[in-house]
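Breakdown of the fold
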Amino acid sequence: MLSTAGVRSAPAPIFANDDRQRLRKGDRILLVIEDDPVYARLLYEYAHKKDFKCLLATDGESGLQMAAEHAPDAILLDLNLPGMDGWQVLEKLKQDPAHRHIPVHILSASEETVEAYQRGAVGFLTKPA
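Computed from a prediction, not measured in an experiment: that's the story for all the values here.

1. Structural notes on the pattern of salt bridges
Applying the stated rule across the entire model yields six salt bridges. The partner of Arg22 in a salt bridge is Asp19, and the shortest N-O contact between them spans 2.9 Å. Since its relative accessible area comes to 40%, Arg22 is described here as partly exposed. Residue Glu34 pairs with Lys127 through a salt bridge whose shortest N-O separation is 2.7 Å. On the criterion of sequence distance, the pair formed by Glu34 in the loop between β1 (29-33) and α1 (37-49) and Lys127 in the segment after β5 (123-126) is long-range, its members being 93 residues apart. No difference in accessibility class separates Glu34 from Lys127, as the two residues are buried. Each of the salt bridges in this network shares a partner with another, and the network as a whole consists of Glu34, Asp78 and Lys127.

2. Digging into the packing of aromatic side chains
By the definition in use, this model includes zero aromatic pairs. Its guanidinium or amino end placed over the ring of Phe52, Arg28 lies 4.0 Å from that ring's centre, counting from NZ or CZ. In this arrangement the basic side chain of Arg41 is found over the ring face of Tyr44, its NZ or CZ atom lying 4.3 Å from the centre.

Conventions and cut-offs
- Residues numbered from 1 in each chain as written.
- Predicted model: local features only at pLDDT ≥ 70, side-chain atom pairs only at ≥ 80, totals over all residues.
- Heavy atoms only, no water.
- Salt bridge = Lys/Arg side-chain N within 4 Å of Asp/Glu carboxyl O.
- Buried < 20%, exposed > 50% of the residue type's maximum accessible area, 1.4 Å probe, protein only.
- Helix = DSSP H or I, 4+ residues; strand = E, 2+ residues; numbered from the N terminus.
- Phe/Tyr/Trp six-rings, centres within 6.5 Å; stacked < 30°, edge-to-face > 60°.
- Lys NZ or Arg CZ within 6 Å of the ring centre and 35° of its normal.

Below, the structure written as structure tokens:
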């Protein structure tokens, strides 16, 4: 089970109007963990163009919770998040047997690094894209 022990416990703001209330069995789900609401909304719209339902989380803790609750088919993960950073989220996902199979694509303003792939990411996109 994914754990966020030792990390802040204040609830994170959630994005309104993602697809969490419209999920149906068999839907392809993309979880976007991104704290920039403008960029998150762009990713949400892109997900819909690719026939994914999209869930949006503003920080690592809520992203891990949503991954545990909804078992997404793929995750887009920002590295620079409030609280638990993206590297910590990636580590927790890849250490959990129930979630390590989920492809995680890193989003970052930093330059692409081989470290992302060594830690289990399937791709890396330098922002802005």
